[in-house]
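Residues per chain are reported as follows:
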Amino acid sequence: MKKLIAGNWKMNGSNGENKQLLSGIAQLLEQIPAIHKHCEMLVCPPSVYLSDVTNATKGTGIETGAQDCSHHSNGAYTGDIAATMIRDTGASYVILGHSERRQYHDETSTMVSWKASSAHEAGLKAIICVGEKEHEREQGIECEIVKEQLLDSLPDSANADNTIIAYEPVWAIGTGKTASKDDVASMHSFIRDTLKNNIASGENIRILYGGSMKPENAGELLATENVDGGLIGGASLKADHFIAIAKAAI
Ligand code: PGA
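Position numbers for residues start from 1 in each chain and track the written sequence from start to end. The model is predicted, so local features are restricted to residues of pLDDT at least 70 and side-chain atom pairs to those at 80 or more, both for listing and for counting; the totals for chains, interfaces and linings are taken over all residues. Excluding hydrogens and water, the side-chain figures rest on all heavy atoms present in the structure.

Draft legend 1. Local environment of the environment of Pro169. Along the chain, Pro169 turns up in the loop between β6 (163-167) and α9 (181-198). The sequence separation of Pro169 and Ser212 amounts to 43 residues, and the corresponding C-alpha distance is 9.9 Å. Only heavy atoms enter the contact rule, under which two residues are in contact if any of them lie within 4.5 Å. Leaving out residues up to four positions away in the same chain, Pro169 has contacts with Gly131, Glu132, Ala179, Tyr209 and Gly210. What counts as a helix is a DSSP run of H or I of at least four residues, what counts as a strand is a run of E of at least two, and both are numbered from the N terminus.

This is the structure in structure tokens:
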């Protein structure tokens with residue numbers, strides 16, 4: 001299975017900056033063709049740039065995705081964007097239930113499952129994010145929290161072709177703190193077991209790690225069992241860092 005190296009650009013970029021970043025990524029990818037053999041490359045810009053970024057990636061082997069979608073298919077939902085509209089731009093993925101959406105937009109796991117179901121209907125692959133907060137890990141309840149998020153966020157339509165899980169411990173996102181190799185190994189194996197026991201083809205669902213992944217720690221994290229790629233925030237905004245992470249997966 002190829003590793004999925006996914007850049008979550010969050011609310012960053014501009015037309016000019018996106019062009020520069022993409023051409024930097026494409027140039028470096030051309031220099032290291034082995035990356036495509038081992039990795040699937042994905043960038044997720046803010047939705048307003050999705051069409052342009054998708055057009056600009058044609059021929060580069062880079063796929064595109066959104067950072068959220070509505071669970072409604074269309075209608076009077078000012079400001080919202082339907083999964084079908086995202087698909088219409090040519091994008092193939094959508095990140096759902098990121099901790100920043102759970103925190104700042106009060107998204108619950110049930111809402112995430114509605115969104116994922118809508119994404120699947122539109123033909124998008126859903127990257128469903130889960131992860132415990134720092135105080136939950138301190139209390140030793142991280143597995144309970146992650147299991148509940150997983151089971152409540154996964155719709156009935158989820159399978160290994162249309163769903164990817166991203167384990168992102170909230171305390172590691174954008175903080176420079178990374179979970180230890182052992183913590184990642186044990187949480188990913190717990191997620192794998194939970195998927196196997198509850199979802200058809202759960203043994204083949206890719207599980208990404210996210211949270212301060214960078215060139216210096218990517219090799220170790222990506223070599224960990226049941227780590228099938230990375231969801232990368234800050235480091236995905238620098239072409240050389242993003243590609244160095246992919247290179248570490250080879
Ligand atoms: P980070 O973000 O790599 O900047 O920690 C990861 C994410 O939020 O997806």
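Read on for the rest.
Draft legend 2. Spatial organisation of the sheet that holds strand β7 (residues 206-210). Between any two strands, at least two bridges found by DSSP are needed for them to pair. Pairing within the closed barrel is parallel, and its 8 strands lie in the order β1-β2-β3-β4-β5-β6-β7-β8. The average undirected angle you get between the axes of adjacent strands in this sheet is 25 degrees. Strand direction decides the pairing type here: strand β3 (residues 62-66) and strand β4 (residues 93-96), joined by 2 bridges, are parallel. Within β4, the residue paired with Gly65 across the bridge is Tyr93. Only C-alpha atoms enter the line fits that serve as axes; for helices the fit covers just the stretch in contact. Angles between N-to-C directions range over 0 to 180 degrees. Contacts from helix α6 (residues 109-121) reach β4, β5 (125-130) and β6, with the element oriented near 175 degrees to β4. This element, helix α8 (residues 142-153), spans β5 and β6 of the sheet and lies at about 155 degrees to β5.

Draft legend 3. The site of the ligand, seen in detail. Near is defined per residue: the residue qualifies when any heavy atom it owns lies within 4 Å of the molecule or strand. Around the ligand lies a shell of 13 residues, among which Lys10, His98, Glu168, Gly174 and Ser212 are the nearest. Contacts described as polar in this section are N or O atom pairs within 3.5 Å, which, within protein, must combine one atom able to donate a hydrogen with one able to accept it, while residues neighboring in sequence count only if both atoms come from side chains. Within the side chain of Lys10, one N or O atom sits 2.7 Å away from an oxygen atom of the ligand. In the environment of the ligand, an oxygen atom lies 2.9 Å from a nitrogen or oxygen atom belonging to the backbone of Gly234. Notes on the ligand: free accessible area 280 Å², of which the protein chains cover 95%. Per-class residue counts for the shell around the ligand are 4 nonpolar, 7 polar and 2 charged. Accessible surface area values rest on a Shrake-Rupley calculation with a 1.4 Å probe, where residue burial reflects the displayed protein chains alone. Ten residues, namely Ala, Val, Leu, Ile, Met, Phe, Trp, Tyr, Cys and Pro, are considered nonpolar, four, namely Asp, Glu, Lys and Arg, are considered charged, and the remaining ones, Gly among them, are considered polar.

Draft legend 4. Focus on the packing of α6 against α8. Packing of α6 against α8 leaves a shortest axis separation of 7 Å and a crossing angle of 40 degrees. Compared by their axis directions, α6 and α8 come out oblique. The element α6 and its partner α8 pack so that their crossing is right-handed. On α8, the residues that touch Ser109, Thr110, Val112, Ser113 and Ala116 of α6 are Gln149, Asp152 and Ser153. If an angle is under 35 degrees, it is roughly parallel; if it is over 145, roughly antiparallel; if it lies from 65 to 115, roughly perpendicular; otherwise it is oblique. Here a crossing is taken to be left-handed if its near helix is turned anticlockwise relative to the far helix by less than a right angle, and right-handed if that turn runs clockwise.

Draft legend 5. Local environment of the state of the cysteines. Any two cysteine sulfur atoms within 2.5 Å of one another count as a disulfide. Applying the stated criterion across every chain, the model contains 0 disulfides. Its sulfur unpaired, Cys129 is 9.5 Å from the next cysteine sulfur, which belongs to Cys44.

Draft legend 6. Region of interest: α6. Taking 1.5 Å as the rise per residue, α6 with 13 residues should run 18 Å; its terminal C-alpha atoms sit 18 Å apart, in good agreement. The complete set of buried residues in α6 reads Ser109, Val112, Ser113, Lys115, Ala116, Ser118, Ala119 and His120. For α6, the elements touching its buried residues are α4 (83-88), β4, α5 (99-104), β5, α8 and β6. At the C-terminal side of α6, Gly123 shows a positive phi close to 90 degrees. An expected span of 1.5 Å times one less than the residue number is assigned to each helix. With a 1.4 Å probe rolled over the protein chains alone, any residue whose accessible area is under 20% of its type maximum counts as buried; one over 50% counts as exposed, and the rest are partly exposed.

Draft legend 7. Quick peek at the pattern of salt bridges. Salt bridge, as applied in this entry: a Lys or Arg side-chain nitrogen positioned within 4 Å of an Asp or Glu carboxyl oxygen. Going through the model one piece at a time under the given rule, you end up with 11 salt bridges. In this structure, Glu107 engages Arg101 in a salt bridge whose closest nitrogen and oxygen atoms are separated by 2.8 Å. Look at Arg101 and you get partly exposed, because its relative accessible area is 22%. Residue Asp228 pairs with Arg192 through a salt bridge whose shortest N-O separation is 3.1 Å. Residue Asp228 is found in the loop between α10 (215-222) and β8 (229-232), and its partner Arg192 is found in helix α9; the two are separated by 36 residues along the sequence. The pair Asp228 / Arg192 is uniform in exposure class, with both members buried. Overlapping salt bridges bring together Asp68, Arg101, Glu107 and Lys115 as one network.

Draft legend 8. How the structure looks around the side chain of Thr163. Note on placement: Thr163 falls in strand β6. Of the residues examined, Thr163 reaches a relative accessible area of 0% and is grouped as buried. Polar side-chain contacts of Thr163 include one of 3.0 Å to the side chain of His120. Among all residues touching Thr163, those that are not within four sequence positions of it are His120, Ala126, Ile128, Leu154, Ala158, Ile205 and Arg206.

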